[in-house]
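# Breakdown of the fold
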Amino acid sequence: MAKAKYRPEFIVQRDDEKCIRCQVCVRMCSNDVHTYYPETDTVISESSRCVGCHFCEDLCPTGAITICRSEPQIKENYHWSGTEVYNIIKQADSGGVLLTGMGCDRPYKDYFGHMVLNASQVTNPSIDPLREPMELKTFIGGKPEVVVIKKSSEPELATQIPPQLELETPIMFSAMSYGSISLNACKSLAKAACDFGTCWNTGEGGLHRDLLPYAHRAIVQVASGRFGVNKEYLDAGCAIEIKIGQGAKPGIGGHLPGEKVPEEVSRTRMIPEGTDALSPAPHHDIYSIEDLKQLIFALKEATRYEKPVGVKIAAVHNVAPIASGIVRAGADFVVIDGIRGGTGAAPTVIRNNVGIPIELAIAVVDRRLREEGIRNRASIIAAGGFRSSADVVKAIALGADAVYIGTAALIALGCHLCQKCYTGKCNWGIATQDPYLTKRLNPEIGARRAYNLLRAWSLEIKEMLGGMGINAIESLRGNREQLRGVGLNEVELELLGIKHAGEAW
Amino acid sequence: MRKPKRIIIREEYCMGCRLCEVYCITQHSKSKDIIKAYRGEEPRPVSGIYFEEKGSVSFALQCRHCDDAPCLEACITGAMYRDEGTGMVLHDREKCVGCWMCIMACPYGVIKPDFGERKVASKCDLCIEAEFPACVEHCPNEAIILVDEEGERIYKEAV
Amino acid sequence: MDGTPDRDFRVPSGCGITGIMNRRGRAFSGEVILSSICNMLERGNGLGSGFAAYGIYPELKDYWCFHIMYQKAPSKDHAEEYLKDRFRVVHHEPIPTKRVRSLEPVPVLWRYFLEAEDGGPDEEDFVIRSVMEINREVDGAFVFSSGKNMGIFKGVGDPDAIGEFYRIPEYRAYIWTAHNRFPTNSPGWWGGAHPFGILDWSVVHNGEISSYGTNRRYLENFGYYCTLSTDTEVMAYLFDLLVRRHGLDFETVGNVLASPFWSQIERVEDEGRRRLLKALRIAYGPALVNGPFAVIVANSKYMVGLNDRIKLRPLVAASKDDFLYIASEEAAIRVVCEDPDDIWMPKAGEPTVGKLEDEDG
């Protein structure tokens, strides 16, 4: 038996009464699921090719299509799921590494879902964000310990404040490279970030010239492949981020399959067309913390100490001492990406099994930096699967200065988490470079939707802050008193540094 | 002469779904209901918007309501006329005798023969009977937009 | 008294506060402050009150005076050993009290006049560390006052009862502050009442700090550990940090603890001042005290009243001749000063500062 047949993960259901044979689904599916047969005037759908992106379902003018999930069915087995069985079958066929996209989908404990927030009553009035000022302004960068004021006729600031990023909301768009996503997707996020007053991140894709109008709000990434890194690149952005790792695939570098490297991507990344862009696992000039310090200062020298330079790491077991080392090496911000962080392509086994949840990571890093008395030297940015404004508020209460959203931002642009980004056939025009597909994402609409997401979450954060009797986000940062755990054991409560629900002050 | 509102085409956003044609037909049907228009009604109305594609470039084209419309010159009965109030080039089906000179004259090829109840010509009327052009309203990617006489975009709802 | 049950629970304060200062340093009787605070009896519920007085130990004014309360006898021995190890005990005696039935049972209360063996520039930090160590390590002992030529007197009871108990009218001081508490869970612990003190700082506080978790963690960076479970502790340590260690003046402290809004900062015309206010918020973000508060903070040279940035608690100030009055209610001022020269409502975030004038010359 040489090659197995794969059971479909989705079943396409068509209500034939409603189908008007407009053939929109036939034309639009990049996986050729639907076919129109003029002889019989029927549309047949080949479910085994369906990836569950829901594009046809959304477009169908009569709502005739429903995409349903279908588990590959094997005999009931507590230990083996259908997915695991078919993964082995695929590997027996191909001898290759199984790839996937987006973030870890395994049922590890959802700590955000086990924390609840406070509200003020009676002894402390809650504050109404619709009628009173509610401040979300956030600064990313090292903060001085003391502010010295020159005493003269008019008090004057004598302390030099290190370079800061000024954000109107504690939410930024995470690093998603041009290459892993389309230029239209990059434009959408870049424009929304600039309009709202927050930042976006170039990822390892370099900075395409069409994105230059938005570069003043771009955090440019220097990753292990150093794609697109040159002097203009470093000067264009508002901050520099050295990417050591990411939550989706700690320990290995970025991965862009050759199918997604056409001419424009090749030019921006400075690599040959059609080649797989596999970033090396470590930076080959950073084998220890001293090397990182040298790179940080090399970048600061190159940009005349005018912008914050930070480091992005994946959340792993030793994230606290690593973060401490990074701060002592001179970083102005530390980005911690948890196990739920997304990606365009990663080996499934690494995405699902390597890394730790971001909630625990934020808590231990914040505590370690405070214990060492260096918490003010760098901002902590948390990333990795933030699903709602409540997750953001909880992350800040645990100690983060700001958060990066990646998956949520793409969902705002149309993504339905089918996890097939690595194929380059994204029907929504997001994770693809195919011009037939990339046109489907109109950056005007994309920017509008991404802006709406930022606006909606910011308003919700204000509501939650007001409820807690707080009117400035800096009073929530690290304020673990505002959190309580539900259904967490002692070790978890201790690590998170929070009490259990029911316990008062 | 009053300049009409115009539909502007942005082919960089057209994804080739052809939903514009579907909604044009529906808007000009008797029932205004998609399923009935496609399955119940005979004859199905002719779409006023036409889809064209080559390679990865595609767009949908409709009557440009030209400032110097050749179809107005070509029409022998006066069925094709300019509405002074809106500046649009409109077509009176009652007066049309189906000579199809307008079809031959139109440089964009956006007038089509209609073999429905009678043999007449058919073209885009900017959905004069509805609030807003159906194709613009329903294009999923805003590849076609409506602009006023100054060229300012008109949205159906505040955006 | 069985230990310190409410010590582990943070008790938000709803209360009454008052402060009176003679700017020329002329001492006056505790009778005055007692009248003022007792005028606001209904702002408390009998579950805590206290007084802070400055200039009450003129003969021993060069020595650190620790007021310590003991729940049990062994705590006293243990604490005294600790003190002898680190200080020279110049004098010690029980704090003079009068028996007041309604207050029973009362802890054992002693005061110690101490000289630091090594002295030196870090003497103040040494004293703070010692106080924190006793409070953390010696079970059943609590240092509730630790300044020079000043003292805090407090406990669980109405201000008139506590005032009688500590014989407040017999003292004369040039700054008096007082507090009357309305805690929302059951007390039992005398140390939880206000004022809260460290070195010669005393704080009386009406409020609840929503940003307590953030402020507390910020202070830990600088070596201040909050051992009590009251918000007020954080307020005292913030003043000590910003004023004594960082050298900021009270107006700047007001701009840190009760920061102006970004929209207000943007409207400031002077560019230098705008940059300063922005830098303060950037650097001292975790020191912003969010949530309603009215505080009166005092040390040997100053008495300062401050409100939170949107003034969610009342505070009234008045002056007459050499006297400055700050209180939760106007009535509490008028009962001791019928006809002030000036009476006003301090604005949110703007400190009211009374400064001890230097002696002539």
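Residues numbered from 1 in each chain as written. Chains lettered and ligands numbered in written order. Predicted model: local features only at pLDDT ≥ 70, side-chain atom pairs only at ≥ 80, totals over all residues. Heavy atoms only, no water.

## Some remarks on the overall build of chain A
This is how it is decided: Segments assigned H or I by DSSP are reported as helices when at least four residues long, segments assigned E as strands when at least two residues long, and all are numbered from the N terminus. The quantity called the radius of gyration is restricted to C-alpha atoms. Its globule counterpart is 2.2 Å times the number of residues to the power 0.38. Only protein chains enter the calculation, and the probe is 1.4 Å; a residue is then buried if its accessible area is under 20% of its type maximum, exposed if over 50%, and partly exposed in between. A contact between two residues is defined here by any heavy atoms of the two lying within 4.5 Å. Surface exposure here means Shrake-Rupley accessible area, sampled with a 1.4 Å probe, where a residue is shielded only by the protein chains that are shown. When charges are counted, neither His nor the chain ends are considered; positive counts come from Lys and Arg and negative counts from Asp and Glu. To locate a charge, the coordinates of NZ of Lys, CZ of Arg, CG of Asp or CD of Glu are taken.
Scanning chain A from terminus to terminus reveals 15 helices and 23 strands. Relative to the 2.2 N^0.38 estimate, which gives 23 Å for 505 residues, the radius of gyration of chain A is 24 Å and therefore close to what a compact globule would have. In chain A, which comprises 505 residues, the share counted as buried stands at 58%. Restricting the contact set of chain A to residue pairs at least 6 apart, pairs at least 24 apart contribute 69%. Surface exposure of chain A reaches about 20,600 Å², of which carbon and sulfur atoms provide 53%. When the 56 positive and 58 negative side-chain charges of chain A are each reduced to one mean point, those points stand 1 Å apart.

## What to know about the pairing of strand E20 (residues 379–383) of chain A
Residues and elements named next belong to chain A. As a reminder, the rule being used: Pairing between strands is defined by DSSP: at least two bridges between them are needed. Every crossover in which the path from the first strand over the helix to the second runs clockwise, viewed with the strands pointing away from the viewer, is termed right-handed.
E20 sits mainly inside the fold: five of its five residues count as buried. On E20, burial covers both faces: Ser 379, Ile 381 and Ala 383 on one face and Ile 380 and Ala 382 on the other are all buried. The pairing of strand E18 (residues 333–337) with E20 spans five bridges and is classified as parallel. When the sheet's bridge partners are listed, Asp 337 is paired in E20 with Ala 383. Crossover E20 to strand E21 (residues 402–405) through helix H11 (residues 389–398) is right-handed.

## Comments concerning a nonpolar patch on the surface
Spelled out, the test is: Note that patches include only residues with greater than 30% relative accessible area and no salt bridge, and the join distances are 9 Å for like charges and 5 Å for nonpolar side chains (Val, Leu, Ile, Met, Phe, Trp, Tyr). Throughout this description, the term salt bridge denotes a Lys or Arg side-chain nitrogen within 4 Å of a carboxyl oxygen of Asp or Glu.
Side chains of Ile 74, Trp 80 and Ile 88 of chain A sit close together on the surface and give an oily, nonpolar patch of about 260 Å² of accessible area. For Trp 80 of chain A, a relative accessible area of 39% translates into the label partly exposed.

## Overview of the interface of chain A and chain B
Under the convention used in this document: By definition, the buried area sums, over both parts, the 1.4 Å-probe accessible area that each loses when the two are put together. Any pair of N or O atoms that falls within 3.5 Å is considered a polar contact. Within protein, one atom must be able to donate a hydrogen and the other to accept it, and sequence-neighbouring residues count only if both atoms are side-chain atoms. Note that Gly is not counted as nonpolar here; it falls among the polar residues with everything else outside the nonpolar set of Ala, Val, Leu, Ile, Met, Phe, Trp, Tyr, Cys and Pro and the charged set of Asp, Glu, Lys and Arg.
If you look at the interface, chain A gives 23 residues, while chain B gives 26 residues. For the pairing of chain A and chain B, the buried interface totals around 2,000 Å² over both sides, and the portion due to carbon and sulfur atoms is 56%. Together, Ile 20, Lys 439 and Arg 448 of chain A form the three largest contributors to the area buried by chain A at its contact with chain B, with a combined 29%. The tally of links from chain A across to chain B stands at three salt bridges. In this structure, Arg 153 of chain B engages Glu 444 of chain A in a salt bridge whose closest nitrogen and oxygen atoms are separated by 3.1 Å. In this assembly, chain A and chain B are joined by 15 residue pairs in polar contact (both at pLDDT 80 or more). Counting only elements with at least two residues in the side of chain A that touches chain B, the list comes to helix H1 (24–28), helix H2 (55–59), helix H13 (435–438) and helix H14 (443–467) of chain A. Of the residues that constitute the side of chain A that touches chain B, the class distribution is 13 nonpolar, two polar and eight charged.

## Digging into the pattern of salt bridges
Residues and elements named next belong to chain A. A complete count under the given rule lists 63 salt bridges over all chains for this structure. Of the charged contacts in the structure, one is a salt bridge between Arg 351 and Asp 105, with a shortest N-O distance of 3.2 Å. Taken as a pair, Arg 351 in helix H9 (residues 348–353) and Asp 105 in the loop between strand E5 (99–100) and strand E6 (115–117) lie far apart in primary sequence, 246 residues in all. A relative accessible area of 39% means that Asp 105 is categorised as partly exposed.

## Notes on the packing of helix H2 (residues 73–86) of chain C against helix H3 (residues 123–137) of chain C
Residues and elements named next belong to chain C. Stated formally: All axes are obtained by fitting lines to C-alpha atoms, using only the stretch in contact for helices, and the reported angles, taken between N-to-C directions, cover 0 to 180 degrees. Just so you know how the angles are binned, under 35 degrees is roughly parallel, over 145 roughly antiparallel, 65 to 115 roughly perpendicular, and the rest oblique. Here a crossing is called left-handed whenever its near helix is offset anticlockwise from the far helix by less than a right angle, and right-handed whenever the offset is clockwise.
Running from amino to carboxyl end, H2 crosses H3 at an angle of 160°, the nearest separation of the two axes being 11 Å. In this view, H2 runs roughly antiparallel relative to H3, as classed from their interaxial angle. For H2 against H3, the interelement crossing comes out right-handed. Of the residues in H3, those in contact with Tyr 82, Leu 83 and Arg 86 of H2 are Phe 126, Ser 130, Glu 133 and Ile 134. Taken together, the residues that form the contact of H2 with H3 break down as four nonpolar, one polar and two charged.

## Remarks on the interface of chain C and chain A
Listed per partner, the contact involves 44 residues of chain C and 42 residues of chain A. At the boundary of chain C with chain A, total buried surface from both sides reaches about 3,700 Å², with 54% on carbon and sulfur atoms. Linking chain C with chain A are six salt bridges, by the criterion used here. Glu 135 of chain A is paired through a salt bridge with Arg 309 of chain C; the nearest N and O atoms lie 2.6 Å apart.

## Some details on the side chain of Glu 359 of chain A
Residues and elements named next belong to chain A. Among the structural elements, Glu 359 can be located in helix H10 (residues 358–371). Buried charge Glu 359 goes without a salt bridge, the closest partner of opposite sign being Arg 387 at 5.8 Å. Apart from the residues within four sequence positions on either side, Glu 359 is in contact with Asp 110, Tyr 111, Phe 112, Met 115, Leu 398 and Leu 496.

## Section: a negative patch on the surface
A cluster of acidic side chains, namely Glu 154 of chain A together with Glu 269, Asp 270 and Glu 271 of chain C, defines a negative patch on the protein surface. In this fold, Glu 269 of chain C is placed in the loop between helix H8 (262–266) and helix H9 (271–283).

## Digging into the arrangement of the chains
Between chains A and C lies the most contact-rich interface of the two pairs of chains that touch. For chain B and chain C, which are not in contact, the least C-alpha distance works out to 27 Å.

## A short note on the confidence of the model for chain C
Residue and element names in this part refer to chain C. Convention followed: For every residue, the predictor reports its confidence as pLDDT, a number between 0 and 100.
On average, residues of chain C score 89 in pLDDT, and 93% of them reach the 70 mark or higher. Every residue in residues 1–8 scores below 50 in pLDDT, and together they form 21 contacts with partners more than four places removed in sequence or on other chains. Interface confidence for the predicted complex, expressed as ipTM, amounts to 0.91; the pTM equals 0.91.

## Topic: the sheet that holds strand E5 (residues 87–94) of chain C
Residues and elements named next belong to chain C. Ordered in space as E5-E6-E4-E7, the four strands form an open sheet in which the pairing is antiparallel. If you trace the sheet from one side to the other, it starts and ends with E5 and strand E7 (141–148), each paired once. The sheet shows a mean angle of 25° between the axes of neighbouring strands, taken without regard to direction. Bridge analysis of E5 against strand E6 (residues 108–116) gives seven bridges, and the strand direction is antiparallel. Bridge pairing links His 92 to Tyr 112 in E6. Sitting on the sheet, H2 touches strand E4 (64–70), E5, E6 and E7, and the angle it makes with E6 is about 10°. Of the strands in this sheet, E4, E5, E6 and E7 touch H3, which is tilted by about 165° from E7.

## Here's the deal with the layout of surface pockets
All names here are of chain A. Here is the rule: As defined here, a cavity is a set of points on a 1 Å grid over the protein atoms alone where a 1.4 Å probe fits but cannot get out. A pocket is an open set with protein on both sides within 12 Å along at least five of seven lines, and residues line them when an atom is within 4 Å of a point. Grid points are joined across faces, edges and corners, and a volume is the space filled by probe spheres set on the points. For every domain, the bounds stem from an assignment made automatically or drawn from a database.
Space inside the largest pocket adds up to approximately 1,700 Å³. Lining of the largest pocket is provided by 50 residues; of these, Glu 9, Thr 83, Asn 87, Lys 90 and Lys 420 occupy positions nearest its centre. When residues of the lining of the largest pocket are traced back to their parent elements, those giving at least two are strand E4 (65–69), helix H3 (82–94), E5 and H9. A total of eight residues in the lining of the largest pocket trace back to one element, the largest contributor, which is H3. In terms of residue class, the lining of the largest pocket is built from 17 nonpolar, 18 polar and 15 charged. When residues of the lining of the largest pocket are sorted by domain, at least three fall in each of domain 1 (10–96) and domain 2 (138–500).

## Quick word on the packing of aromatic side chains
The condition is simple: In this scheme Phe, Tyr and Trp rings, the latter by its six-membered ring, pair at centre separations within 6.5 Å, and the angle between planes marks the pair as stacked below 30 degrees, edge-to-face above 60, and tilted otherwise. A ring is scored as having a charge over it whenever the NZ atom of a lysine or the CZ atom of an arginine sits within 6 Å of its centre and within 35 degrees of its normal.
In the structure shown here, the tally under the stated rule is 21 aromatic pairs over all chains. With a centroid separation of 5.5 Å and 45° between ring planes, the pair formed by Phe 112 of chain A and Phe 386 of chain A is classed as tilted. Placement of the pair is Phe 112 of chain A in the loop between E5 and E6 and Phe 386 of chain A in the loop between E20 and H11, with a sequence separation of 274 residues. For the pair Phe 112 of chain A and Phe 386 of chain A, one class covers both residues: buried. Cluster of aromatic residues (ring-pair linked, three or more members): Phe 153, Phe 165, Tyr 166, Tyr 171 and Trp 190 of chain C. Taking NZ or CZ as reference, Lys 300 of chain A lies 5.2 Å from the ring centre of Phe 297 of chain A, over its face. The ring centre of Trp 100 of chain B lies 4.7 Å from the NZ or CZ of Lys 119 of chain B, which sits over that ring.

## Focus on the sheet that holds strand E11 (residues 171–173) of chain A
Residue and element names in this part refer to chain A. The sheet built from eight strands is open, its strands ordered E11-E21-E20-E18-E17-E14-E13-E12 with parallel pairing. Sheet topology places E11 and strand E12 (200–201) at the edges, where each strand pairs with a single neighbour. Taken together, the four bridges between strand E13 (residues 218–222) and strand E14 (residues 239–243) define a ladder with parallel strand orientation. Looking at the pairing, Val 220 lines up with Ile 240 of E14.

## Some details on H9 of chain C
In plain terms, the rule: The span one expects for a helix is its residue count, reduced by one, times 1.5 Å.
Spanning 13 residues, H9 of chain C covers 18 Å between terminal C-alpha atoms, matching the ideal 18 Å at 1.5 Å per step. Where the residues of H9 of chain C are buried, they touch strand E7 (138–140), strand E8 (149–150) and strand E9 (156–157) of chain A together with helix H7 (250–257) and H8 of chain C.

## A word on the nonpolar core
Here is a general trend for soluble globular proteins: nonpolar side chains tend to be buried in one another's company. Stated formally: Among buried residues, those of type Ala, Val, Leu, Ile, Met, Phe, Trp, Tyr and Cys that are joined through side-chain atoms within 4.5 Å constitute a nonpolar core.
One finds Phe 173, Ile 405 and Ile 430 of chain A to be the most contacted residues of the largest nonpolar core, which totals 125 residues. Among the elements that make up this core, the one with the highest residue count is helix H4 (residues 183–196) of chain A (nine residues). Viewed by domain, this core spans two of them, domain 1 (10–96) and domain 2 (138–500) of chain A, each represented by three or more residues. Not counting the four nearest positions on each side in its chain, Ile 430 of chain A is found in contact with Ser 180, Ile 181, Ser 182, Ala 185, Leu 410, Leu 413, Gly 414, Cys 415 and Leu 441 of chain A. Leu 157 of chain A together with Ile 128, Met 132 and Leu 257 of chain C belong to the second largest nonpolar core, which has 62 residues in total.

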